[in-house]
Amino acid sequence: MTEVRPPGAPTAGLWERDEEVAAIAGAIDTLCADRSSPGSLLVLRGEAGFGKTALLAETRRIAEQRGCTVWSARGGETLRSVPFNVVRRLLQPALVSMLPEEAREYLGDSYGIAGPALGITDPGEGHADPQGVCEGLVAAVSRLARRDWPLVLLIDDAHWADQETLHWLAAFAERLADLSVLVVVARRPGEISGVSAGHLDAVAAAADRPVTVLSALTPEAAAGLTRAALGTHADAAFCREVWAVTGGNPYETVELLAKVQDSELEPVEAHAGELRDLNRSARGGGLVARLEQLGIDATRFAWAAAILGNDITVDLVAELAMLKPDSAARCAELLRSARILTTPDPSGAGRGTPGDLEFVHPLIATAVYNSIPDALRRAMHGIAARIVTDSGRGAAAAARHLLEVHPDDDEELVWQLREAAREHVAVGAPDAARRCLERALEEPPRPEIHAHVLYELGCATFLTAPARTIGHLRAALGMPGLDGDRRVDAVVRLSQALLHNNQMDEAVRTVEAEAARLEPGPGQLRLRAVQFMWEGLLAGEAGAPGRSERLAELAATCTGRDNSERVLLILRGFDAMMRGENAEEIVEVCDRALVNGRLAPGLGWTDSEWGVELLLMLASSYAYTDRLDRAESLYNEALRAYDTAGWSGGHLALAHAYVGLGHRRRGRLEAAETSLRESLRLAERVGRGLPLYWTATCNLVDTLLARGHVDEAWEVAERHGFAPPYPSTVVLPDPRSVRGRLLLAVGRTKDGVNELEAAEKAAAARGHHHPVHVFCAADLARALVTEDPVRAARLAVDLRRRAERLGTDTAIGEALRVAAALETGQRAVRLAAQAVTYLESSPCQYEHAAARVEYGILARSVPDLERGLALARACGADALAERAAQELGTGVGPR
C-alpha cells in the first residue's frame, strides 16, 4: 500500500494505487529536473467513486512538495453547456494575479483572441473563429506555462468538461513536446459522445503512456480499509461483507464505514447483514430519503446548491432557496455534518474560493439534482437565471439556466437567449450559441421575429456545420419577417453555405431566384454580383450561356463608386483572366476595384458581406497577369488578417495555400512547399473533399513536381485523394492539368495524355483559355511530339496564339519553350533564345531557370548553363539543377 497518506481518516482512493502514484511522482520528478524537459500527459480513467479525485489530490501534494505551481479545475454534469468553463477555472490563479495591462502585455497577440473566452476582456463584434480561439488559448496557456514553470495542470471529471475546453485540451496536448508542463486528466469511461468524445480520445492518444484504468478494491484492501476505520478487531466476515456490498468501490466503502461509525455498529459477523441497508442510504434513493429526513429547509438548500453547480455560497443559495440568512447558515452546517456538502480545500485552486461550498462527491450532486421535481427544477433554474442577470454578469452567464426553463411563450426569455447566443458567437463558442437559439425556437418566438432567430441560428452554425446552416436559412427565408438587407444577407449566406457544402449549382440557383424577385437596386445588384461570382467558380462542363458577355456589359458601366460595383469589376477581371483576354486590360479593370491601390472598406479579408472567394479572385487575376507584387501583397495581407483575428480554420488554410501559390509563381519553390504543407495541415482539420483541400493539395503536387520530387508528389496525391472526380469549383492551377503532368512524370504516359486531353476539353467548354493557369496544351504537345507530331505542332501554334493574346512575358516565353521542344537544329536554338528573352523579363524565376538550362543545352552554352544552374538552385528546383550540373560535367562546348 501507499506509505504516505494525509492524516485522519484513511483515503480510500489511494489504497492499492502504489503503481499509479509512482508514475505520477516520476512524471513530476522529470518535470522538475530541467526547464527544457518535454511536457507530459497522464490520463486516469475509472468508474465513479474509484479514487480519481484522490489521486489528483495526491498529485497536488507531491507536486507542491517539489515546489511546483499547481492549477486545477473540474467539470460538472450541469455545467457542460457553459463554454470555456473548465479552462477559465483552470487558469484563475494566473488570471487573478494579473492586472489587465499586465495580461495584455504578457499574452501579446493571444490577448485579443483568447481574452474574451477567458473572461478577461470584452468580446468584439461579429463571429470569432472557434479554431482560432482554440489556438489562441493554446498560445496563452503555453506562455503562462513558461512563466510559472514547473507547472502542473489537473483536470478532474473531464467527461463533464465543456466542449470548448476539451477542444483546447486536445490541441494543447499535441504541443506538450515543446512545453515543460505536466497535465493529469481524470475521467469516467463513457458518459460522453459526439464531438467532445472525439476531443477526449485525442487527449488520450497524446498521453505519454496508456490510459491508467483504475480497478475496484480487492477484498484484502477492503478489509484493510475497514480495520483502519473501525479498528483492528473488525472480523473477517464483516470485512468481506463490506467488500461485497460496495463492490470494492472506494468511495462507497468510505461512506459505508462512516455510516457504521455513526450507527455505532459493532464490526462483527452478527451485524454484517445490516450493511446493505446502511449502504443504500448513502446513494440514490437512500441518499434522497436521508436528505428529506434533514427537513424541508435543508432539502431546499441542497436543491439550490445542485442547481447552481459551482460558485456555491451560503448567500447565493439562500437567495435561490428563498431562505433567511440564519436558516441558510444552519442548513449549510447540517448538510456538512451529513456529508452531503463540504467546504473545499483552499489549496484546490480553480475549484472555488475560500468559503464556497461543494458537494462531497459528484455522485451526491447528481442524486440531489435528479431528485428535484421536474417542474420545480425548471422554475429554480429560471430564478437562478434572474439572479445571475441581476448581478450584471450578462445573458451568456445566465444561459445555462435559461436553457432549462420550461417553454412558456416568454418574449423576454427569447430576447435573453438571443443575447446569450450573440455573446457566445463573439467569443468563439458557436455550439453554445446554437443551443441557445434552438431553445429560443422552443419558446417559441413571436411570429415577426421567428425568421430572425432562424437566421441567427444559421449564422451560428455557418463555420462548423454548413449543412445545418442550409436548413435553418431555407426555413427562415420561407417565413415572413426577413426583409430588406437582412433578407439579402440571408440569401447570400445560404449560397455560401451551399458552396462550402459542395452544392455549387444550388448556390447559383438560390441567388438567381432571389435576384429575379427583387426590384432594381443595391440588393438586386449585390445578388447579381454573387451569382456571377459563383458561376465564375463553377467548374462544370459548360458555363452559363452568355455569362461573360453579360458580365462584361454590366462591368463596363461600373466606375467603382461603391462595393457592389467594385465586386462586379473584380468578377469581370477574374473572368477575363480565366478566358485569357489581354492582361493589360485585365489589370486595368482590377485596379478600378481598388481605392488608392488598397481594398475598400467593407471588402477586407475578415469582412463577411462578400466572402473570401471574391478577394482570392482579385489576387489570382494579378498573379496570372504577371503582377505578382500585387498578388503577393494581397495574399500576405490575408495571412496577417487571419492570424491577427485568430481565424485558423478554413480561411487560414486558404491564405496559406495562396501564399504558397504566390511563392510557386515567383519561383520560390521551397517557401511554396512550406506554406502549402501548412495549408494542407489546416485543411485536414476542416475536412477532406472541400475546395480549400483541393487547392492546397493541387498546389503542393504542382510545386513538388517543379522541384523534381516526383515520388513525393505521387505520395501526396495518393494520400490526399488527388484524383477524379474533381471538385465542382474552380481550383488554381487547373487540377486536371496538374494531374496529367503528374501521370507523365511517373511514367504513366498514356494515362497522362488522356488526362491532359480531358483537361483541354473541359477548359474549352468553359471558355478557359489562359495558357498558364490551364497548361494542359503545353504538356500535351510535349507528350505527343513523337507519337503525333502534327497534332503536337497544332497545339503549339494554338498555345502561341493564346499567349500572344494574353500578352504576358511568362505566357509567351512558355509558349516559345514548347515550340523549341518540338523543333530541331538552329530553329530550336532560336526559339529557345527567344523564350529566354521573354522569361528573363518575367517575375516567374523557375520558368526562367528552365528556359536557361534548355537553351544552354541546345546552344552548348556554358554561361547559360551556369546561369540556369544558379537560378535553379535559388528556386529550389533540385532536378533542374541536377540536370544543368550534369550537362556542365560533360564539358559542353561547340560540337
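All values reported here derive from a predicted model rather than from experimental measurement.

Novice: Teacher, can you tell me more about the confidence of the model for the chain here?
Specialist: If pLDDT is low for a region, its predicted coordinates should not be looked at in detail. On average, the chain scores 87 in pLDDT, and the residues at 70 or more come to 94%. Across residues 1-10, where pLDDT falls below 50, the model places 17 contacts with residues more than four positions away in sequence or in other chains. Note that pLDDT drops below 50 for residues 349-355; the model gives that stretch 14 contacts with residues more than four away or on any other chain.

Novice: Just to check I follow, could you spell out the sheet that holds strand β2 (residues 69-74) for this structure?
Specialist: Adjacent strands of a sheet pair through backbone hydrogen bonds, lying either parallel or antiparallel. Spatial ordering of the open sheet is given by β2-β3-β4-β1-β5, a layout of five strands whose pairing is parallel. With one partner strand each, in any of the chains shown, β2 and β5 (212-213) form the two edges of the open sheet. Pairing geometry for β2 and strand β3 (residues 151-156), over six bridges, is parallel. Directly across from Ala73, in β3, lies its bridge partner Ile155. Helix-sheet contacts for helix α2 (residues 52-65) involve β1 (40-45), β2, β3 and β4 (181-187), and the interaxial angle to β3 is about 170°. This element, helix α7 (residues 163-174), spans β1, β3 and β4 of the sheet and lies at about 140° to β4.

Novice: What exactly am I supposed to notice about the environment of Ser180 here?
Specialist: Turning to its location among the elements, Ser180 is positioned in the loop between α7 and β4. Residue Ser180 is classed as buried on the basis of its relative accessible area of 10%. In this structure, the C-alpha to C-alpha distance between Ser180 and Gly689, residues 509 residues apart in sequence, is 37 Å. Ignoring any residue separated from it by four or fewer positions in sequence, one finds Ser180 in contact with Leu31, Asp34, Arg35, Ser37, Pro38, Gly39, Trp149 and Leu151. Engagement of the side chain of Ser180 in a polar contact is seen with the side chain of Ser37, the distance being 3.1 Å. Within polar-contact distance, the side chain of Ser180 engages the side chain of Trp149 at 3.0 Å.

Novice: In this structure, what is going on with helix α8 (residues 194-205)? I would like to understand it.
Specialist: Residues spaced three or four apart along an α-helix point in a common direction, a consequence of the helix completing one turn every 3.6 residues. For α8, which comprises twelve residues, the first-to-last C-alpha distance of 17 Å matches the rise-based estimate of 16 Å (1.5 Å per residue) to within 8%. Turning to α8, its buried residues number three or more, namely Ser196, Ala197, His199, Leu200 and Val203. All buried residues of α8 project into a common sector of 160° when viewed along the axis, lining one side. For α8, the exposed residues set more than 90 degrees away from the buried face come down to Gly194 and Ala205. If you follow the buried residues of α8, they end up packed against β1, α7 and β4.

Novice: For this particular structure, what's the right way to read the packing of helix α20 (residues 411-426) against helix α21 (residues 430-442)?
Specialist: The description of two packed helices rests on the angle between their axes and on the distance between the axes. Viewed as axis vectors pointing N to C, α20 and α21 meet at an angle of 165°, and their least axial separation amounts to 8 Å. Relative to α21, the element α20 lies roughly antiparallel. Read as a crossing pair, α20 and α21 show a hand that is left-handed. On α21, the residues that touch Leu413, Val414, Leu417, Arg418, Ala420, Ala421, His424 and Val425 of α20 are Pro430, Ala432, Ala433, Cys436, Leu437, Arg439 and Ala440. Partitioning the contact of α20 with α21 into residue classes produces twelve nonpolar, one polar and two charged.

Novice: Would you mind going over the side chain of Arg17 with me for this structure?
Specialist: Among the structural elements, Arg17 can be located in the segment before α1 (18-33). Here Arg17 is buried and forms no salt bridge, its nearest opposite-charge partner Glu20 lying at an N-O distance of 4.8 Å. A distance of 3.0 Å separates the side chain of Arg17 from the backbone oxygen of Phe50, its partner in a polar contact.

Novice: Explain the pattern of salt bridges here, please?
Specialist: Under the counting rule described, the total for this entry stands at 64 salt bridges. A salt bridge links Glu814 to Arg817, with the nearest nitrogen and oxygen atoms 2.8 Å apart. Highlighted residues: Glu814 and Arg817, both in helix α40 (residues 809-822), separated by three residues, approximately one helical turn. On the basis of relative accessible area, Arg817 is assigned to the buried category, the value being 11%.

Novice: Help me understand helix α10 (residues 236-246), please; the structure alone is not making it clear to me.
Specialist: The complete set of buried residues in α10 reads Phe238, Cys239, Val242, Val245 and Thr246. Down the axis of α10, the buried side of the element spans an arc of 125°, and every buried residue falls inside it. Two residues or fewer after α10 comes Gly247, characterised by a positive phi angle close to 65°.

Novice: Looking at this structure, how should I read the packing of aromatic side chains?
Specialist: The way to describe two aromatic rings as a pair is by their centre distance and the angle between their planes. One pass over the full model with this rule turns up five aromatic pairs. Arranged with centres 5.3 Å apart and planes meeting at 25°, the rings of Trp168 and Phe172 form a pair that is stacked. With Trp168 and Phe172 both in helix α7 and four residues apart, the pair spans about one turn of that helix. Phe172 sits in the buried class, given a relative accessible area of 1%. On the basis of an interplanar angle of 80° and a centroid distance of 6.4 Å, the ring pair of Trp605 and Tyr642 is categorised as edge-to-face. Residue Trp605 is found in the loop between α29 (583-592) and α30 (612-623), and its partner Tyr642 is found in helix α31 (residues 628-645); the two are separated by 37 residues along the sequence. Among the residues examined, Trp605 registers a relative accessible area of 4% and is labelled buried. The exposure class assigned to Tyr642 is buried, which follows from its relative accessible area of 1%.

Novice: Help me understand the packing of helix α9 (residues 219-230) against α10 in this model?
Specialist: Orientation of α9 relative to α10, taken along the N-to-C sense of each, is 115°, at an axis distance of 8 Å. Classified by the angle their axes make, α9 and α10 are roughly perpendicular. Our pair here, α9 against α10, has a crossing hand that is right-handed. The residues of α10 that touch α9, namely those facing Pro219, Ala222, Ala223, Thr226, Arg227 and Leu230, are Ala236, Phe238, Cys239, Arg240, Val242 and Trp243. Taken together, the residues of the contact of α9 with α10 sort by class into nine nonpolar, one polar and two charged.

Novice: Sorry if this is basic, but what is going on with the pairing of β4 here?
Specialist: The side chains of a regular strand alternate, residue by residue, between the two faces of the sheet. Most of β4 sits inside the fold, with seven of its seven residues counted as buried. A two-sided burial pattern is seen for β4, the buried positions comprising Val181, Val183, Val185 and Arg187 on one face and Leu182, Val184 and Ala186 on the other. Pairing analysis gives six bridges linking β1 to β4, with the strands arranged parallel. By the bridge assignment, Ser40 is partnered in β4 with Leu182. As paired elements, β3 and β4 share five bridges and run parallel to each other. The partner of Leu153 across the bridge, within β4, is Val183. Chirality of the crossover, the property in question, places the unit of β3, α7 and β4 among those that are right-handed.

Novice: Is there a simple way to explain unusual backbone geometry in this structure?
Specialist: Generally, phi is negative for residues other than glycine and the peptide bonds are trans, each holding for most cases. With omega at -10°, the peptide bond leading from Trp149 into Pro150 counts as cis. The topology assignment puts Pro150 in the loop between α6 (130-147) and β3. In this model, Met322 sits at a positive phi of 55°, which is unusual for a non-glycine residue. Summarising the element assignment, Met322 is placed in the loop between α15 (314-321) and α16 (325-337). Taking the relative accessible area as the measure of exposure, Met322 reaches 62% and is therefore exposed.

Calculation rules
Residues numbered from 1 in each chain as written. Predicted model: local features only at pLDDT ≥ 70, side-chain atom pairs only at ≥ 80, totals over all residues. Heavy atoms only, no water. pLDDT = per-residue confidence, 0-100. Contact = heavy atoms within 4.5 Å. Pairing = 2+ DSSP bridges. Helix = DSSP H or I, 4+ residues; strand = E, 2+ residues; numbered from the N terminus. Axes fitted to C-alpha atoms, helices over the stretch in contact; angles between N-to-C directions. Buried < 20%, exposed > 50% of the residue type's maximum accessible area, 1.4 Å probe, protein only. Polar contact = N/O pair within 3.5 Å; in protein donor to acceptor, adjacent residues only side chain to side chain. Expected span 1.5 Å × (residues − 1). Arc of directions from axis to C-beta. Parallel < 35°, antiparallel > 145°, perpendicular 65-115°, else oblique. Left-handed = near helix turned anticlockwise from the far one by under 90°. Nonpolar A, V, L, I, M, F, W, Y, C, P; charged D, E, K, R; others polar. Lys, Arg positive; Asp, Glu negative; His and termini not counted. Salt bridge = Lys/Arg side-chain N within 4 Å of Asp/Glu carboxyl O. Phe/Tyr/Trp six-rings, centres within 6.5 Å; stacked < 30°, edge-to-face > 60°. Right-handed = clockwise from strand over helix to strand, strands pointing away.

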